[in-house]
Amino acid sequence: MKTIKLTVLPIVLLVLAGAGCATTPEPACSLPEGHNLRVAIETSKAQLTNGCEALFDAYFDRLMSVAEGDPKPRNKQTFSEFLEWTTDTGLLSRRQAQAYYNRYFNVKFMSLAGDYNNCSYTCPRQAELLTRMEEELSDKEQGLLRVSQDRDSYYRADQLLKETELVLAATCTACSAN
């Protein structure tokens, strides 16, 4: 009799575990469609709060694409409000939300941020840093030019990259002379 109970118990536990999994539906995470940024943001908010938060990057990219279809200066503010919502709901930390905004809509470069000594940390990684800044400039082109039509800010960012490249080269030359 004991042998039968020990054999049946694992089977019962397996069936119960399977039943528990079957009752937990997967969230329907579909990226927003259409060309209306406000509607796409509302759709994204609903899905991001209902189990799709792991796909935040994909939702953000899609929102940027939707905004490209109707570029206007107001889109900067719209994305700022969306990112504030992400911090209010706990989806992103304040620092993460600021990094998203700055990467796309600010002239300053997030790739350049750092608390390390230039001679010991930045100079050995100079090429990598400049590559990351060029990639970020591409994101700024999307955010500043194609989404919010802010040509002046984009060209300031482009100029800042060129100036940073010159200053960094001079700094690293000075560091290697010491």
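What counts as what
- Along each chain, the written sequence defines residue order, and numbers are assigned to residues from 1.
- Under the rules for a predicted model, residues below a pLDDT of 70 receive no local features and side-chain atom pairs below 80 are neither given nor counted, while totals for whole chains, interfaces and linings still include all residues.
- Side-chain numbers come from the whole structure's heavy atoms, not from hydrogens or water.
- Definition of nonpolar core: a set of buried residues of the types Ala, Val, Leu, Ile, Met, Phe, Trp, Tyr and Cys, connected through side-chain atoms within 4.5 Å.
- Exposure is judged per residue with a 1.4 Å probe applied to protein chains only, and the accessible area is read against the type maximum: over 50% gives exposed, under 20% gives buried, and values in between give partly exposed.
- The secondary structure listing takes helices from DSSP runs of H or I that are at least 4 residues long and strands from runs of E that are at least 2 residues long, numbered from the N terminus.
- Any two residues whose heavy atoms approach within 4.5 Å are treated as being in contact.
- Here an axis means a line fitted to C-alpha atoms, over the contact stretch when the element is a helix, while the angle between two N-to-C directions is reported on a 0 to 180 degree scale.
- Orientation is classified from the angle alone, with under 35 degrees giving roughly parallel, over 145 giving roughly antiparallel, 65 to 115 giving roughly perpendicular, and any other angle giving oblique.
- Here is the rule for handedness: rotate from the far helix to the near one, and if that takes an anticlockwise turn smaller than a right angle the crossing is left-handed, while a clockwise turn gives right-handed.
- Under this grouping Gly is polar, as are all residues other than the nonpolar Ala, Val, Leu, Ile, Met, Phe, Trp, Tyr, Cys and Pro and the charged Asp, Glu, Lys and Arg.

### Let's talk about the nonpolar core
In this structure, F56, F60, F79, F82 and L83 are the most contacted members of the largest nonpolar core, which totals 22 residues. Those elements that place two or more of their residues in this core are α2 (37-48), α3 (56-68), α4 (74-88) and α5 (94-105). Looking at this core element by element, the count peaks at 7 residues for α3. Beyond its immediate stretch of four places on either side in the chain, F56 contacts L48, F82, L83, T86, L91, L92 and Y100.

### Topic: the packing of α3 against α4
Contact pair α3 / α4: the axes reach a minimum separation of 11 Å and the direction vectors enclose 160 degrees. Considering the angle they form, α3 stands roughly antiparallel to α4. The two elements α3 and α4 meet at a crossing, and its hand is right-handed. When α3 is examined against α4, the residues F56, F60, L63, M64 and A67 are found in contact with a partner set consisting of N75, F79, F82, L83 and T86. Along the lines of polarity and charge, the residues of the contact of α3 with α4 split into 8 nonpolar, 2 polar and no charged.

### Concerning the packing of α2 against α4
One can describe the packing of α2 onto α4 by two numbers: an axis separation of 12 Å at closest approach and a directional angle of 10 degrees. Considering the angle they form, α2 stands roughly parallel to α4. For the pair α2 and α4, the contacting residues are L37, R38, I41, K45 and L48 in the first and R74, N75, T78, F79, E81, F82 and W85 in the second. Here the contact of α2 with α4 is composed, by residue class, of 6 nonpolar, 2 polar and 4 charged.

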